[in-house]
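What follows is the residue order along each chain.
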Amino acid sequence: VTALNRDYDQLHADTGVTIEDLRGNICPGGRYSDTVDGVSDARPDGYHLSTDAALAVATNWLGPLCLDATKH
């Protein structure tokens, strides 16, 4: 994780890319939730997103971030 964070920091330094907080989106307030972006039972194994939850995250969170990034 430390090496990955260094890579992210370097990417940001080299390109100005903003690193967004996925964990903040799927763990509101820093707490685990089994409901993600309105999808219940979103993490059936307690970690990985279900297909429906992944689609909701991509549609409701990631997609708008990507579209907004193209405006700058």
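Up top is the structure these notes are about.
Residues numbered from 1 in each chain as written. Predicted model: local features only at pLDDT ≥ 70, side-chain atom pairs only at ≥ 80, totals over all residues. Heavy atoms only, no water.

### Some remarks on the layout of surface pockets
We apply this condition: Space inside and on the surface of the protein is sampled on a 1 Å grid over the protein atoms alone, with a cavity defined as a set of points where a 1.4 Å probe fits but cannot get out and a pocket as an open set with protein on both sides within 12 Å along at least 5 of 7 lines; lining residues have an atom within 4 Å of a point. Grid points are joined across faces, edges and corners, and a volume is the space filled by probe spheres set on the points. Think of it as three bins: nonpolar holds Ala, Val, Leu, Ile, Met, Phe, Trp, Tyr, Cys and Pro, charged holds Asp, Glu, Lys and Arg, and polar takes everything else, Gly as well.
The volume enclosed by the largest pocket comes to roughly 310 Å³. Every residue along the wall of the largest pocket is listed here: Ile19, Glu20, Asp21, Leu22, Arg23, Ile26, Cys27, Arg43, Tyr47, His48 and Leu49. Grouping the constituent residues of the lining of the largest pocket by class yields 6 nonpolar, 1 polar and 4 charged.

### Side note on the nonpolar core
Definition in use: Buried Ala, Val, Leu, Ile, Met, Phe, Trp, Tyr and Cys residues that are joined via side-chain atoms within 4.5 Å together make up what is termed a nonpolar core. We call a residue buried when its accessible area falls under 20% of the maximum for its residue type, exposed when it is over 50%, and partly exposed in between, using a 1.4 Å probe and counting protein chains only. For the purposes of this entry, the term helix denotes a DSSP run of H or I that reaches at least four residues, the term strand denotes a run of E that reaches at least two, and both are numbered from the N terminus. Only heavy atoms matter for contacts: two residues are in contact if any of them lie within 4.5 Å across the pair.
Listed in full, the 9 residues of the largest apolar core are Ile26, Cys27, Val36, Val39, Ala42, Ala53, Ala56, Val57 and Trp61. Element by element, the count of residues in this core is highest for helix H3 (residues 51-69), at 4 residues. Aside from chain neighbours lying at most four places away, what touches Trp61 is Glu20, Asp21, Leu22, Asn25, Asp37 and Ala56.

The values reported here are purely geometric and, on their own, carry no functional implication.
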